[in-house]
Amino acid sequence: MKITAVKGIALRCECAPISDALSTSNARQALLVKVETDSELYGIGEAFTYGAPLTVMKYLVETQLGSQLVGKDPTRIEEIWNTLYWRSLASGRRSTTLGAISGIDIALWDLLGKIAHLPVASLLGACRDRVPSYASGGFYAPGKGLPELRREVEEYLEKGYRHAKIKIGRNLDRPGSPLVYMANQNSAVTVEEDFRRIEAVKELLGKGRLIVDTNASWDSQTVLKLGPELARLGVEWIEEPIPFEDLEGMARISRELPQLQIIGCETQQGAQNFETMIRADALDIVQPDVGWAGGITECRKIGHLAQSTGRKISLHCFGSAVLFAASLHLAASLPNTEMMESEENPNPLKEELLTHPLEHDGEMNWLVPQEEGLGIHLDWTKLEKYGILT
Ligand SMILES: [Mg+2]
């Protein structure tokens with residue numbers, strides 16, 4: 001079997017604005033990847049974009065990277081990954097290039113599963129059939145106060161979730177806050193108001209785990225100063241508290257605030273970069289994004305690195321249903337998987353793209369699809385509905 005084409009399918013839909021500590025999103029987007037072959041089989045993947053222009057991601061997937069794969073054997077996934085990585089080294093290594101490689105890699109694993117008539121989780125050596133999750137939400141939005149935040153978390157609990165993550169850190173009153181540089185500074189709160197948000201959510205979760213996410217907007221001094229109060233209010237995990245470039249700062253937070261577990265970093269990429277962070281004791285729980293950090297091939301290695309150093313892995317996932325399915329398969333193959341992220345913001349690209357939605361049990365453990373490949377069937381009418389750049 002030979003690869004005949006690698007195509008990018010750009011999807012976008014408008015949504016009500018939501019904000020984290022820094023960014024505001026008015027639309028959801030995804031760049032699906034389709035690897036076609038000289039047989040009737042094809043593979044589907046997703047490159048996460050982090051808001052990068054879809055034209056850029058589509059160009060990387062189809063022209064810079066994908067065109068080099070025509071004629072290659074799609075089952076030689078390691079060879080293809082290394083070919084794409086090394087041929088783009090000077091301009092790549094990270095960011096959108098590694099995101100594009102991630103999307104191609106996921107599509108190759110989907111295709112390999114279809115060739116072998118096995119789910120991707122089985123190809124990887126599955127160790128579970130369902131994956132525990134936490135509700136990921138608690139964003140800032142216009143007109144959203146404590147009553148609305150409480151209602152949102154109550155809905156998560158009614159669905160069966162026990163654990164939840166909320167955004168914090170959208171503060172203009174904190175000296176040095178990088179929010180001053182952002183085009184949209186709406187829905188900012190004071191640090192004190194963030195504490196009240198945490199308190200309200202923890203009261204509802206009870207013994208359930210509360211995760212807070214600053215999206216790397218704080219610095220280590222801020223975390224060291226505010227961390228004890230976060231822990232007193234019941235926060236257990238703090239996600240990506242500072243930019244990962246401050247390795248010593250991350251290690252210091254981990255050392256001096258043992259009551260908080262540092263989870264990260266969704267924006268980090270590549271096994272070697274995660275290894276550097278792990279060796280520096282800068283992470284307690286490892287959180288790569290399969291569509292960004294290097295695909296299933298690389299994130300599997302990151303998962304094993306975490307396992308060999310006694311750390312849990314909790315996959316980041318904020319994309320479409322395709323990326324969620326890929327994350328489920330990988331999570332199911334990693335013995336050190338802790339609950340993974342299950343985004344609860346309204347997202348048609350997660351809710352509508354599949355003819356048969358992904359399933360969960362009453363406690364929000366997601367069932368790993370048992371059909372071959374990623375085990376999903378795309379609703380092509382929805383791809384047409386949300387498709388752009390065609
Ligand atoms: Mg995050």
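Data block above holds the structure.
Keep in mind it's a predicted model, so treat the numbers as computed, not measured. (Residues numbered from 1 in each chain as written. Predicted model: local features only at pLDDT ≥ 70, side-chain atom pairs only at ≥ 80, totals over all residues. Heavy atoms only, no water.)

Colleague: Explain the overall build of the chain to me, please; I cannot follow it from the model alone.
Modeller: Tallying secondary structure elements over the chain gives 13 helices and 13 strands in all. Taking 390 residues into account, the globule formula puts the C-alpha radius of gyration at 21 Å, and the chain, at 20 Å, falls close to it. Along the three orthogonal principal directions, the C-alpha set of the chain runs to about 60 × 40 × 40 Å. Relative to its 390 residues, the chain shows a buried fraction of 60%. Relative to all contacts within the chain whose residues are 6 or more apart in sequence, the contacts with residues 24 or more apart total 74%. Counting only carbon and sulfur atoms, one obtains 51% of the accessible surface of the chain, whose full area is about 15,300 Å². When the 40 positive and 53 negative side-chain charges of the chain are each reduced to one mean point, those points stand 2 Å apart. (Helix = DSSP H or I, 4+ residues; strand = E, 2+ residues; numbered from the N terminus. Rg over C-alpha atoms; globule rule 2.2 N^0.38 Å. Buried < 20%, exposed > 50% of the residue type's maximum accessible area, 1.4 Å probe, protein only. Contact = heavy atoms within 4.5 Å. Areas by Shrake-Rupley, 256 points an atom, 1.4 Å probe, with all protein chains shown as cover. Lys, Arg positive; Asp, Glu negative; His and termini not counted. Charge placed at Lys NZ, Arg CZ, Asp CG, Glu CD.)

Colleague: When you look at the environment of A107 in this model, what are you seeing that I'm missing?
Modeller: Position of A107 among the secondary structure elements: in helix α3 (residues 95-116). Each residue touching A107, except ones within four places of it in the same chain, is listed here: V33, V35, G43, I44 and G45.

Colleague: Where do I start with the pattern of salt bridges in this structure?
Modeller: Between side chains of opposite charge, a pair can form when the charged atoms approach closely. Enumeration according to the criterion identifies 31 salt bridges in this entry. We note a salt bridge from D213 to K167, for which the minimum N-O separation is 2.8 Å. Here D213 is found in strand β6 (residues 210-213), whereas its partner K167 is found in strand β5 (residues 164-167), with 46 residues between them in sequence. Note on K167: relative accessible area 6%, which makes it buried. Members of the salt-bridge network, linked through shared partners, are R151, E154, E155 and E158. (Salt bridge = Lys/Arg side-chain N within 4 Å of Asp/Glu carboxyl O.)

Colleague: Sorry, what's going on with the pairing of β5 here?
Modeller: Strand residues, when the strand is regular, have side chains that alternate between the two faces of the sheet. Burial along β5 is two-sided: A164 and I166 and K165 and K167, pointing in opposite directions, are all buried. Relative to β5, strand β4 (residues 130-136) runs parallel, the two being bridged by two bridges. Bridge assignment links S136 to a residue of β5, and that residue is K165. With four bridges connecting them, β5 and β6 associate as parallel partners. Counted as the bridge partner of I166 is V212 from β6. (Pairing = 2+ DSSP bridges.)

Colleague: Please explain the coordination of the magnesium ion as it appears in this structure.
Modeller: The textbook angles at a metal center are 109.5 degrees for a tetrahedron of four donors and 90 or 180 degrees for an octahedron of six. For the magnesium ion, the full set of protein donor atoms is D213 (OD), E239 (OE) and E266 (OE), at a range of 1.9 to 2.2 Å. Considered as a linear motif, the donors of the magnesium ion on their single chain read D-x25-E-x26-E. Of this pair, E239 sits in strand β7 (residues 235-239) while E266 sits in the loop between β8 (261-264) and α9 (271-279); the two residues are 27 residues apart in sequence, bridging distant segments of the chain. E266 carries the same exposure label as E239, and that label is buried. (Donors = N, O, S within 2.8 Å, 3.2 Å for Na, K, Ca; no water.)

Colleague: Help me understand the packing of α3 against helix α10 (residues 295-308), please; the structure alone is not making it clear to me.
Modeller: Each pair of packed helices can be summarised by the angle the axes make with each other and by the distance between the axes. The interhelical angle for the contact between α3 and α10, taken along N-to-C directions, is 95 degrees, at an axis separation of 6 Å. By the angle between their directions, the pair α3 and α10 is classed as roughly perpendicular. On the side of α3, the interface is formed by S102, D105, I106 and W109, while α10 contributes G295, I296, T297 and R300. The residue inventory of the contact of α3 with α10, partitioned by class, reads three nonpolar, three polar and two charged. (Axes fitted to C-alpha atoms, helices over the stretch in contact; angles between N-to-C directions. Parallel < 35°, antiparallel > 145°, perpendicular 65-115°, else oblique. Nonpolar A, V, L, I, M, F, W, Y, C, P; charged D, E, K, R; others polar.)

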